[in-house]
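# Summary of structural features
Spelled out, the chains give:
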Amino acid sequence: MRRAASSTTDTLLCSPSKQSKIEANEEEMVSIPRSYQAELMEQAKSENLVICLPTGSGKTYIAVMLIKEMAHEIRQSIDDGGKRTIFLVKTVALVQQQSDYLSIHTDLKVGRYYGELGVDLWDKLRWMNEFEQHQVLVFTAKVFLDLVDHKYFPLCKVNLLIFDECHHSSGENCYAALMRRHYDECDEKPRILGLTASISAKKLKPDQLSKAAKNIEDTYRARVASGTNREESIRCGTSAKVEHIICSNYKKCIVDRYENISIAFDTIQSILNDLALYLKEKKAEREKREHDLSEIILSKDYLAEDVIDYNTVSVDYTIFLQSEYVNIPRLNRYLEQLVQLGNELGLYGLFLATKALQKLLKSSQILDHMNESQGKQLFDDAVQRIDCLVNDILQNLFNFYQNQNDILFSSKVLELYQRIRKDFEINNLTRCIVFVERIYTASILTEVLMELNRRLLPSNNNEFKIKYVTGPRANVVNAKMNAKYLRHVLKEFHVGDVNILIATAVVEEGLDIPKCNLVFRFNKPVNFASYMQSKGRARAKNNASYVLLIDGIDEKEINNNITDYKTYEEIVKRIQTGFSIDDDDDTIKDLEQLEPYRTESGVVISAIRAAQIIYQYCAVIGNGQLCPPRILFSRTDHDTYKSILLMPANCPIRDDIICEKSRKKLAKFQCCLKMVELLHRQGGLNEDCLPHHIKLFDETIEKKCDDMIEIFSKQIISFPPLTIDVTNIWYLYKIHFKDEKDQLGFIVPSKLLELPNFNLYGISNEIFTVKIIYIQSIDYMKYRNVFECFNRYLFENLFDEILKESILQFNIEQSSFKLLLCLIKNTNEIDNERMLTIYNRLNQSIDDHSQLSDDELYIAQHLPQKTFFRKDRENVSMKRISDSWEHKRKSDMIKTYADYFQDKCPTIHFQQDSVLAQMKSIKKPRIDYLYPLAPSVKNSTTTSNTQVFYFPIELIRYAPLNADDLQLIQKLPSILVRITQIHYIEQLRILFNTHLNSSSVGMNVLQISTPISFTDCLKTMNKNVLPLTTLSLDLTNICTNFQPLSNILFQSVTRRSTGEQMDNENLEILGDCFLKLAVSMSLYIQYPSAGAGLLTSKKKVQISNRNLYQLAVKNNLKEYLYAKKIIFRGKEANWLPPGYKINEIDHQEYTHQTAKQKQFSDMIEAFIGAFLIESDYTTTLKFMHYLGLDVIPIDNQGHTMKIPSILRVQTMNLDNEPINRLTNIFYIDQAFETIETKINYIFQNKAYLIAAFTHPSNFANRITDCYERLEFLGDAILDFLITRYAFVNFNETITPGRVTDIRQDISNNGRLAYIFVACGLHTKILHNSTDLFGQISSYAGDEDLFSKDQTTNQYLNKDLDQWANTTAPKALADVFEALVGAVFLDSNNSLQVVWDVFEPLLHNYINQTIQHPNLNPIRLFSEHGGKNVMTILDHVKQFDIHQFIFSNGFPHRCLNRIDISLRYGY
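Residues numbered from 1 in each chain as written. Predicted model: local features only at pLDDT ≥ 70, side-chain atom pairs only at ≥ 80, totals over all residues. Heavy atoms only, no water.

## Regarding the packing of helix 14 (residues 328-345) against helix 19 (residues 439-456)
Relative to each other, helix 14 and helix 19 sit at 40°, their axes nearing to 11 Å. Considering their axes alone, helix 14 and helix 19 lie oblique with respect to each other. Seen from above, helix 14 lies across helix 19 with right-handed handedness. Residues Y334, Q337, L341, E344 and L345 of helix 14 pack against Y440, T441, I444, L445 and V448 of helix 19. When the residues that make up the contact of helix 14 with helix 19 are grouped by side-chain class, the tally is seven nonpolar, two polar and one charged. (Axes fitted to C-alpha atoms, helices over the stretch in contact; angles between N-to-C directions. Helix = DSSP H or I, 4+ residues; strand = E, 2+ residues; numbered from the N terminus. Parallel < 35°, antiparallel > 145°, perpendicular 65-115°, else oblique. Left-handed = near helix turned anticlockwise from the far one by under 90°. Contact = heavy atoms within 4.5 Å. Nonpolar A, V, L, I, M, F, W, Y, C, P; charged D, E, K, R; others polar.)

See the structure below:
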């Protein structure tokens, strides 16, 4: 009924499958299925179906209808018996497009999954969450196959399994593998729906159609169907008109006829001929070397007595492979492509392509890195001939024929251009796609067409908007194609910003442009599927054309091409009209002969999957850089083949796998199956037979934990910490400090620890020392009333601002701060009389002027604020109450002082004509003596105002204290704070030392001459700390004689937020680097077979903030953290006075403080730093072990483990003499003595040196492990030594930020790689990685960094900006750090030896960095207001970057880097 109004509906139905975005009006429309769609959907509900319909006929819409029909099965939770619908596609682009389409047309939750999302790293739990949260899941086929292979999700939980483009089903294709391995074994089989426009992905003839259909039916256990109403499906599909354009063959018609043009092609061919002879020789040589190496492995004891023979042959084989890789074969391929391009595109295309090759060869510096003389000469000769070809032959030909388009451009190019122009001229062209076979053709054809258009239509250059796309990650001339660029260009093509697209097969499937009306096949389709898919891109409903450009050497070839195309069209017709299906069985594939590996949990690993797992495993143990296994072959005398599988050096399976089969391929895959079995049984693969993806700590989760705010009790909230119930026996202490009478004291209900002396700051910032002296026990009840009255008097009258209104209430029984202040006589007796005298001063009046004293303080009764006054002795002017009022008047009635005061105090009778008392106010008494005052506020508590006040004697009252008592008692709050803090720190000190069994636990702290200063201990530390000694983890029978004292322990718990003169940040930095070193050493010893990835993972767990926080909780250390500044008075007051309790429960500021979890972790690291500063390495390690850190490697018997051997397992079975002999032979053979000369260190155990220079990819060294474990250890050693150097030599000025800058600058990859190459050590690395060979060659050959006329010392004296060296291969820095680890172990863990060896190499850079930190330019830019600059750049056209940089103090060397960062947004 709605057919007449379905133009947009037709678009929706005819091309649903690849819509990336549907307009809103289309989304809202109700789509009515066509009859064949409804018919096929009904059939698919009851049986497995492969739907074969023309492109554009709405196959995906049928899938949507079927998903909706079966949706009741997928709406439930998996746990409740629900199932899921799986939609499989071939490409990442189709995942996006199909999932978008399903989301638009269903109400189901759709998930999308492909490799680039990192799904290979997801564990089973993550996948189960994905299946639980989504009802329809769109996968690239490989991802889903791996899930099913490894039992992450069974097929029985799938209700509908959809295969898009299901004609891809031959051999080990993922579609076919999924059906073959898992479908028949499934108890509850899912419904199968296949979608295709072509019945096969192979070359096909009409009489083979039935067999192909039978194959696809057998593969999917389904019936092929096209619906009964084929006329409708044909009508609704794409209906492009097929055109054949015959083109003359450029080689036959131009190259062979024009001698001067043939010279260009002959030049290329002559180079190819020379290369062919060389390659033939090298192929034979490679086969011989491989045979020789295989024979040694198969026939000799190559891991023991014959290991030197093996090493020699293996090294030679490796050198041969590396020298061959980077030169001739690649050049040969480039030249072959040139010939093909020239014959396809013509002379101009050849010119462009050859210039591109010339540029590539010059920029790659291949010649500089070639060592083999014959190849180097051949390559050099080829490069010179290519130069001649470009600069002479082709340039002259181009100039000569510049006006003859039929020679510059091939007939195929001209015909293509004219056919495109034809549609332009009749305004018919909307979009055009040109399909080409090769990547280079796409790139060069784009330039050729634009040049041709400029020549023929110079005034209409803008008509042709051409771009090209190829497969992701393909290198095309100077550009690297990636998925992001591909999506960008396709979007431009979709909206019309590009109207001509040159493309390889990457867009044959999946590209849906409804307006595309012209599609070309520039090259012949490789098979029927390619023909159908490219034709299907012509989606326009009217006047769409599919143009086949046909050329050939002769008429026979042209006719054959035309015949093939007609055959394809015949197949199309047969598919459209129906066909019968043969019942011939397919043949069994060779690989099915190999028995798969089956795990106990039911995982089945086929031969193909085994090979994939091996390469995945190698990528995992290579930390993302593939160190592929080596596979060798040897033909036997009885016409079979032996395959030898050698894994990288960091693989725990050290045995080589040898298998014999009738064919090479079978032998290779059998080896892979055996290796998978070994890895799985020995724990190298997980229970699902997948590589253990090393989970370094999740930084996002870690940061969330770090930022979590915790509320925790203050240390001093309960004082003293009671161990018994409170009795009537309390303990009296005297507070003694210099220049004051011994009058202050306090009592507490339990005896305190002996407290060290401590410093406070006086009125003028002078330092005075406080000593707490125990006197005696007393009967509390005897003095209770006096004590309580005296304390309430002080805090409610003198320190009244400490007490917030109604919040605090005096109650000594319920108070958590059980301490009462008192005054003490010189005889150390409690001065009850004096305390009562002070208490009774409250509100005492002055009867006569004679009672006024210079030593007293007074208050004025009528003033609301408690301001203290002194008698004014300086002013001699006298006033009487009857004198005229001289100040501002509130009313006209106030004429005299008597009028003013009577108005203020109407109930008081003032004597007429009496003399007024002359007073000067003093500022509010200071009570915070914890920190020195700034100079601007010194003496503020005693300085009087210059203004004179006049009061009647009737209004004057005594202040709570006289001047002397005020000066004495106003220090009490600060003293009490320090007493409580120091008591808890002493408690902490004793706790630590008790657990360490220290002989100095009982040390009398009163014997310590230096009082606690509450200043930064690092600024005054002894230069002999952190000695460069031997670092041993064996702490058996070692007695500890050192302990950190209270001063540094207080600093360890103190945060910057407290306002103290020190904090724990520097100690935390120091403790952090030693923690990493100690944990690294322990793990290195505990796990002798673990690779660097696993060791790093375990280290991350140990040193993580989360673990350190948990240790703080476990050891009850949280409450020792001092995070909140103490404030005595005001709205922010948070100090609880002694004897008081909190009246209101919502005032936690008195009892609790807040801190992020990371601050507790920092405190643990600061404790480690404190032990390092004030004890020794042994004590520090014992302390760390007590905390629960894994820093002492202990075996199951409780013994400290020894450092494991660096030798491989097989070699360890030999006696010492053969081992030493083999090691020395290898050492001499590799000329490793030059390394020792350059670093000025002779190895006692040469195996450490050999291991340090052995890359995981190396197969020559079968004596030792590779460098990864040594690098893991050396990294931590180097970091500690550099940090130690900064603290020891610059302790007075060092800051946490500066230490971090130094560590990052010195030990970053760029810096270490530069030093390594500067010393010429890079040539000694043993590796088999062709990629690494090229990277090292490129980096070390950079003359801007390494000028050939400079010495090592000149290199090391350079002011190198390491941040520019991002191209440095990481392996160079890794080997440097491995060498550090090797020297450390070889020297019996001597830090001194390591520093002596490597400090000369680092010296210049360390001092330079300390003086002028070489910051990352992006960080530096940000710290100098980068955000504001970017805002400026957004609003103004012209901006002087250089002026900004200099005016803001940037170092000159950062100018270019910041300039680049600004311009390109790095």
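Here the narrative resumes, following the displayed structure.
## Quick look at helix 18 (residues 411-425)
The end-to-end C-alpha separation of helix 18 is 21 Å, in line with the 21 Å expected for 15 residues at 1.5 Å each. Looking one or two residues beyond helix 18, the residue adopting positive phi is N427, at roughly 55°. (Expected span 1.5 Å × (residues − 1).)

## Looking at the confidence of the model for the chain
Residues with a pLDDT of 70 or more make up 83% of the chain, whose mean pLDDT is 82. Low pLDDT (under 50) marks residues 1427-1466, which in the prediction has 49 contacts with non-local residues, meaning those over four places away or in another chain. (pLDDT = per-residue confidence, 0-100.)

## Focus: the sheet that holds strand 3 (residues 110-113)
Pairing between sheet strands relies on hydrogen bonds along the backbone, with the strands arranged either parallel or antiparallel. Read across the sheet, seven strands follow the order 3-4-2-5-6-1-7 without closing on themselves; strand pairing throughout is parallel. Looking along the sheet, the strands with just one partner apiece sit at the ends: strand 3 and strand 7 (223-225). This sheet shows a mean twist of 20° between the axes of neighbouring strands, independent of strand direction. One ladder, built from five bridges, connects strand 5 (residues 158-164) with strand 6 (residues 191-196); its direction is parallel. Residue pairing in the sheet places I162 in a bridge with L193 of strand 6. (Pairing = 2+ DSSP bridges.)

## Overview of the environment of K189
Counting through the fold element by element, K189 comes out in the loop between helix 8 (174-183) and strand 6. With relative accessibility at 41%, the residue K189 sits in the partly exposed group. Distance in space between the C-alpha atoms of K189 and N159 is 7.7 Å, their sequence separation being 30 residues. When residues no more than four places from it in sequence are discounted, the contact partners of K189 are Y183 and D184. (Buried < 20%, exposed > 50% of the residue type's maximum accessible area, 1.4 Å probe, protein only.)

## Re the nonpolar core
Counting residues in hydrophobic clusters, the biggest one holds 217 residues, and the most contacted among them are F1074 and F1253. Apart from the residues lying within four places of it in its own chain, the contact partners of F1074 are L1031, I1168, L1172, Y1177, T1180, L1181, M1184 and F1280. Counting 70 residues, the second largest nonpolar core, distinct from the first, contains I254, Y401, V434 and L549. (Core = buried A, V, L, I, M, F, W, Y, C linked by side-chain atoms within 4.5 Å.)

## Brief notes about the packing of aromatic side chains
In this structure the tally under the stated criterion is 62 aromatic pairs. Both rings, one in F992 and one in F1167, keep their centres 5.2 Å apart while their planes meet at 80°; by these two values the pair is edge-to-face. Highlighted residues: F992 in helix 30 (residues 972-995) and F1167 in helix 35 (residues 1157-1174), separated in sequence by 175 residues. Residue classification places F1167 among the buried positions, given a relative accessible area of 0%. Here a set of aromatic residues connected by ring pairs shows up, and it is made of F719, F795, F799, F810, F817, F1128, W1135 and Y1140. Over the face of the ring belonging to Y774 we find K751, whose NZ or CZ atom lies 4.3 Å from the ring centre. Cation over ring: K971 sits above F768, and NZ or CZ is 5.7 Å from the ring centre. (Phe/Tyr/Trp six-rings, centres within 6.5 Å; stacked < 30°, edge-to-face > 60°. Lys NZ or Arg CZ within 6 Å of the ring centre and 35° of its normal.)

## So, the environment of V495
Structurally, V495 can be placed in helix 20 (residues 483-495). When the C-alpha positions of V495 and K515 are compared, they lie 9.7 Å apart, and in sequence the two are 20 residues distant.

## A look at the sheet that holds strand 20 (residues 657-661)
Taken in spatial order, the three strands make up an open sheet running 18-19-20, and their pairing is antiparallel. Across the chains shown, the open sheet's two edge strands, defined by having one partner strand only, are strand 18 (630-635) and strand 20. The mean inter-strand angle of the sheet, taken between neighbouring strand axes irrespective of direction, is 20°. In this structure, strand 19 (residues 641-646) lies alongside strand 20, joined through five bridges in antiparallel fashion. The residue of strand 20 that forms the bridge with Y641 is K661. Packed onto the sheet, helix 12 (residues 259-299) meets strand 18, strand 19 and strand 20 and runs at close to 90° relative to strand 18. Contacts between helix 24 (residues 664-681) and the sheet are confined to strand 18, strand 19 and strand 20, with strand 20 contributing the most and set at about 140° to the helix.

## Digging into helix 42 (residues 1296-1307)
Spanning 12 residues, helix 42 covers 17 Å between terminal C-alpha atoms, matching the ideal 16 Å at 1.5 Å per step. Taken together, the buried positions of helix 42 are V1299, D1301, I1302, R1303, D1305, I1306 and S1307.

## Thoughts on the pattern of salt bridges
Going through the model one piece at a time under the given rule, you end up with 50 salt bridges. Here K288 and D292 are joined by a salt bridge, their closest N and O atoms 3.0 Å apart. Here the residue K288 and the residue D292 both occupy positions in helix 12, the gap between them amounting to four residues, near one helical turn. Residue E796 is joined to R792 by a salt bridge in which the shortest nitrogen-to-oxygen separation is 3.1 Å. Taken together, the residues E796 and R792, both in helix 26 (residues 780-798) and four residues apart, mark about one turn of the helix. Salt bridges sharing common partners tie together E42, K45 and E69. (Salt bridge = Lys/Arg side-chain N within 4 Å of Asp/Glu carboxyl O.)

## A word on the side chain of N332
One can find N332 in helix 14. With a relative accessible area of 11%, N332 lands in the buried category. If we ignore the near neighbours within four places in the chain, the residues touching N332 are L272, L275 and L279.

## Thoughts on the pairing of strand 9 (residues 431-435)
In terms of residue burial, strand 9 counts as a mostly covered element, since five of its five residues are buried. Here strand 9 shows no split at all, with R431, I433 and F435 on one side and C432 and V434 on the other all buried. Strand direction decides the pairing type here: strand 9 and strand 14 (residues 516-521), joined by five bridges, are parallel. Bridge pairing links C432 to L518 in strand 14. Of the pairings in the sheet, the one linking strand 9 to strand 13 (residues 500-503) comprises four bridges and is parallel in character.

## Some points on unusual backbone geometry
Here the residue pair F719 and P720 is connected by a cis peptide bond, since its omega of -10° sits within 30 degrees of zero. Looking at the element boundaries, P720 is found in the loop between strand 21 (709-713) and strand 22 (729-737). In this model, N828 sits at a positive phi of 70°, which is unusual for a non-glycine residue. Mapped onto the elements, N828 comes out in the loop between strand 27 (820-823) and helix 27 (832-840). We note that N1116 has phi near 55°; this positive angle belongs to a residue other than glycine. Structurally, the position occupied by N1116 is in the loop between helix 34 (1105-1114) and strand 33 (1140-1142). In this structure N1116 comes out as exposed when scored by relative accessible area, which is 63%.

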